[in-house]
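Residue strings, one per chain:
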Amino acid sequence: MEIKNIGEYSWNEIQNMDDSIYKEELKKEFLREKEELLTNRVLRKCYEDYFDPDSSLYENYWAIYNLSKEYESQFLFPGHMMMLYPKIETYVASRTLAMHLGANFVTRGERYCVYHPFIEDLDTHYKYVLQKSIFASEDSIDYFPGTFREFEEWDYALQNAYYNNSSSNIDFYELSTRLGSDGLTLRQLRDDADTRRLRKYRKKLKELKKEENVYLKILNTSLDRVLLERKLLEIQQHIEQVSTSIYALECKRKK
């Protein structure tokens, strides 16, 4: 049997081997090599969506690598690999509302959509959301960008709406007058770890203050007042520590 580099094998070729011991060794080596090749989330996503078990690992890699270029920013973050997670929510209007896309207005009782995608830069790990959400009548829900490439195309079309309005589905000049040329401005989110930590501290502070209130209420009704005062002091010291941690994190986020 010809011995090849692991990258020259296809998954099915290994699966069809008769030697079960050698097959298991190759499968482990194949998976190890695959993990080393798939260095970011875009490549892993493309692998899950487009992997061909009849092509070699290296052939798969280059096909997936070429597909991953669709996630590469062209001009907003040149060269960076970007992921866009579209989020569209539907509501029923409680009053007349102006729309950015589709009908000029929706009236009370009519349905409308709000687009606020989440965008991640896989190179810097920075995360972004729109500075302001986009409102659209329900018949325009399918026009929203579903990928970062489409988002960039929207941004380019908005910036050049006065000179070039070639889309057959969207009148970008009309959209720019309603939304503004800066309508797709992104706002960078704060560090996720700090946000989670801050949320945890605030929850803990709320619990401690509830506990403090309980002890304050029962302090004068108990025979063992000394024990309760000691416990109350411990809680209040803990409240002070958590409050200090919250203050430090909030100062960090403002920098």
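Residues numbered from 1 in each chain as written. Predicted model: local features only at pLDDT ≥ 70, side-chain atom pairs only at ≥ 80, totals over all residues. Heavy atoms only, no water.

### Observations regarding the overall build of the chain
Scanning the chain from terminus to terminus reveals eight helices and nine strands. A compact globule built from 255 residues would reach a C-alpha radius of gyration of about 18 Å, whereas the chain, at 28 Å, exceeds it by more than 25%. Its C-alpha atoms give the chain principal-axis dimensions of roughly 85 × 65 × 35 Å. Put simply, the chain has 255 residues, and 35% of those count as buried. Pairs at least 24 residues apart make up 57% of the contacts formed inside the chain by residues separated by at least 6 positions. (Helix = DSSP H or I, 4+ residues; strand = E, 2+ residues; numbered from the N terminus. Rg over C-alpha atoms; globule rule 2.2 N^0.38 Å. Buried < 20%, exposed > 50% of the residue type's maximum accessible area, 1.4 Å probe, protein only. Contact = heavy atoms within 4.5 Å.)

### What about the packing of helix H2 (residues 20-37) against helix H4 (residues 57-68)?
Where H2 contacts H4, the two axes come as close as 11 Å, and the packing angle between them is 20 degrees. The orientation of H2 relative to H4 falls into the category roughly parallel. Read as a crossing pair, H2 and H4 show a hand that is right-handed. The segment H2 lies against H4, with Phe30, Glu33, Lys34 and Leu37 engaging Leu57, Tyr58 and Tyr61. Of the residues assigned to the contact of H2 with H4, the class counts are five nonpolar, no polar and two charged. (Axes fitted to C-alpha atoms, helices over the stretch in contact; angles between N-to-C directions. Parallel < 35°, antiparallel > 145°, perpendicular 65-115°, else oblique. Left-handed = near helix turned anticlockwise from the far one by under 90°. Nonpolar A, V, L, I, M, F, W, Y, C, P; charged D, E, K, R; others polar.)

### With respect to the sheet that holds strand E8 (residues 134-137)
Spatially, three strands are ordered E2-E5-E8 in an open sheet, and the strand pairing comes out antiparallel. Either end of the sheet is taken by a strand with one partner, and the two such strands are strand E2 (88-92) and E8. Along the sheet, successive strands turn relative to each other by an average axial angle of 30 degrees, direction set aside. Across four bridges, strand E5 (residues 111-115) lies against E8 in antiparallel orientation. What sits directly across from Val114, in E8, is Phe135. (Pairing = 2+ DSSP bridges.)

### A closer look at the pattern of salt bridges
Applying the stated rule across the entire model yields ten salt bridges. The salt bridge involving Lys4 is made with Glu13; its shortest N-O contact spans 2.8 Å. Here Arg111 makes a salt bridge to Glu138, at a shortest N to O gap of 3.2 Å. Here Glu138 lies in the loop between E8 and helix H5 (148-159) and Arg111 lies in strand E5, a separation of 27 residues in the sequence. (Salt bridge = Lys/Arg side-chain N within 4 Å of Asp/Glu carboxyl O.)

### Focus on the side chain of Lys27
Counting through the fold element by element, Lys27 comes out in helix H2. Among the residues examined, Lys27 registers a relative accessible area of 18% and is labelled buried. Excluding its chain neighbours within four sequence positions, the residues that come into contact with Lys27 are Trp11, Ile14 and Gln15.

### Considering the packing of helix H3 (residues 41-50) against H4
Put simply, H3 and H4 touch, their axes get as near as 9 Å, and they point 115 degrees apart. Pair H3 / H4 crosses with right-handed handedness. Contact residues: H3 offers Val42, Leu43, Cys46, Tyr47 and Tyr50, while H4 offers Asn60, Tyr61, Ile64, Tyr65, Leu67 and Ser68. Tallied by class, the residues present in the contact of H3 with H4 amount to nine nonpolar, two polar and no charged.

### Digging into the nonpolar core
The biggest cluster of nonpolar side chains holds 23 residues, and the ones touching the most others in it are Ile134, Phe144, Phe151, Trp154, Phe172 and Leu175. With five residues, H5 is the single largest residue contributor to this core. Not counting residues within four places of it along the chain, the set of residues in contact with Phe151 comprises Leu76, Leu84, Tyr115, Ile119, Leu130, Pro145, Leu184 and Leu186. In this structure, Ile6, Tyr9, Leu26 and Leu38 belong to the second largest nonpolar core, which totals 20 residues. (Core = buried A, V, L, I, M, F, W, Y, C linked by side-chain atoms within 4.5 Å.)

### Observations regarding empty space enclosed by the protein
Evaluated as defined, the whole model comprises one cavity of 30 Å³ or more. In this structure, the largest cavity spans a volume of roughly 30 Å³. Lining the largest cavity we find Lys34, Leu37, Leu38, Tyr47, Leu57, Asn60, Tyr61 and Ile64. Counting only elements with at least two residues in the lining of the largest cavity, the list comes to H2 and H4. No other element matches H4, which puts four residues into the lining of the largest cavity. (1 Å grid on protein atoms, 1.4 Å probe; cavity = no way out; pocket = protein on both sides within 12 Å on 5 of 7 lines; lining within 4 Å. Points joined across faces, edges and corners; volume = space filled by probe spheres on them.)

Honestly, that's just the spatial picture; any functional story needs more than this.
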